[in-house]
Each structure stands twice: as C-alpha cells, then as structure tokens.
Amino acid sequence: MSGAASYLARRSLQKERVRILYRRALKDTLNWAVHRHLFYPDADALRERFDANKHVEDIETIDRMIADGEAQYNKWRHPDPYIVPWAPGGSKFTRNPEPPAGIEIVYDYGREDH
C-alpha cells in the first residue's frame, strides 16, 4: 500500500473511532442525566470537548487522544444504564414469550365445527 493510501486508511479508521466514541459518550450522558433539561447542557459540553480538537492533524496525537478518550469513557461509564423496557435486557423483554413448539392455539373463540 502506498504512503498516501495508508495515510487515508488510517485517517478513515480514526474518524470512525471518534464517531463511535462520541455516540457512546452521548448515549451514556443520557444515562447520567435522564431529564432532557439536564441532558442538553451536558450534551453541549461533550460536543464542545470534541470540537475543541477538530484542528489536530498529527496522526500519532490523534491516536493518543482517542485512546485517552476511550479510557476516560470506560472509567466514567454508567454502572446501571437505562435500557428500554422492551429491548433485550429490559424489564418487559420476553414477558409474553412465544408458545413452545407443538402447542396448538385455536383462534375460533368458541365457534367450533360440530
């Protein structure tokens, strides 16, 4: 791979890692501040922290900043995140599971054939 192609591939990977880190941090911010009037200032502060480093061009510095950001995210991740009730892990997930195979359910509601 040529030098330019290698550089572009690495920058693309860095952009993806930053995007994933930002989305995870933003979703985790919603776990810490459940009410929207508390969430919006925190989300703005998070965005400002990411925007403050948009100008950095050195690849090694960017890699170090991403690693530091991921470590900080893992350190401050919410211990009991909010899970939508009907999502996997939620309180309503599989509350009414599918009936087991072999059980026949008749939906004629008392209008059996005689």
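Residues numbered from 1 in each chain as written. Predicted model: local features only at pLDDT ≥ 70, side-chain atom pairs only at ≥ 80, totals over all residues. Heavy atoms only, no water.

A. Quick peek at the overall build of the protein chain. Secondary structure summary: the protein chain contains three helices and zero strands in total. Helices and strands in the protein chain line up, N terminus first, as α-α-α. Here the C-alpha radius of gyration of the protein chain, 24 Å, is well above what a compact globule of 114 residues would show, namely 13 Å. Its C-alpha atoms give the protein chain principal-axis dimensions of roughly 80 × 45 × 20 Å. Within the protein chain, buried positions represent 18% of all 114 residues. Counted over contacts in the protein chain with a minimum sequence separation of 6, partners at least 24 positions apart contribute 60%. Summed over all atoms, the accessible surface of the protein chain reaches about 9600 Å², with 56% contributed by carbon and sulfur. (Helix = DSSP H or I, 4+ residues; strand = E, 2+ residues; numbered from the N terminus. Rg over C-alpha atoms; globule rule 2.2 N^0.38 Å. Buried < 20%, exposed > 50% of the residue type's maximum accessible area, 1.4 Å probe, protein only. Contact = heavy atoms within 4.5 Å. Areas by Shrake-Rupley, 256 points an atom, 1.4 Å probe, with all protein chains shown as cover.)

B. Quick look at the nonpolar core. Ranked by size, the top nonpolar core spans five residues in total: L21, Y22, A25, L46 and Y73. Among the elements that line this core, the one with the most residues is helix α1 (residues 3-32), at three residues. Ignoring sequence-local partners within four residues, the contact set of Y22 consists of L46, R47 and F50. (Core = buried A, V, L, I, M, F, W, Y, C linked by side-chain atoms within 4.5 Å.)

C. Quick look at the environment of R36. With respect to the secondary-structure elements, R36 resides in helix α2 (residues 36-51). A C-alpha to C-alpha distance of 24 Å links R36 and A52, two positions 16 residues apart in sequence.

D. Spatial organisation of the UniProt feature "domain: Complex 1 LYR protein" (unreviewed entry) in the protein chain. The positions that UniProt labels "domain: Complex 1 LYR protein" (unreviewed entry) are, in the present scheme, residues 17-72. The annotated region residues 17-72 carries 82% helix and 0% strand content, and the separation between its end C-alpha atoms amounts to 14 Å. (UniProt positions renumbered as here; feature names shortened; annotations may be inferred.)

E. View of helix α3 (residues 59-76). Given a rise of 1.5 Å per residue, 18 residues ought to cover 26 Å, and the 26 Å separating the end C-alpha atoms of α3 matches this to within 8%. Turning to α3, its buried residues are I59, I62, D63, I66, G69 and Y73. The arc enclosing the buried residues of α3, seen along the axis, measures out at 125 degrees, which places them on a common side. Those residues of α3 that are exposed and angled more than 90 degrees off the buried face are K75 and W76. Elements in contact with the buried residues of α3: α1. (Expected span 1.5 Å × (residues − 1). Arc of directions from axis to C-beta.)

F. Inspection of the pattern of salt bridges at higher detail. Taken as a whole and judged by the stated rule, the model has five salt bridges. Its salt-bridge partner being E60, residue R10 comes within 3.1 Å of it at the nearest N-O pair. Separated by 50 residues along the polypeptide, R10 in helix α1 and E60 in helix α3 bring together distant segments of the chain. Notably, a salt bridge pairs D63 with R10, separated by 2.4 Å at the nearest N-O pair. (Salt bridge = Lys/Arg side-chain N within 4 Å of Asp/Glu carboxyl O.)

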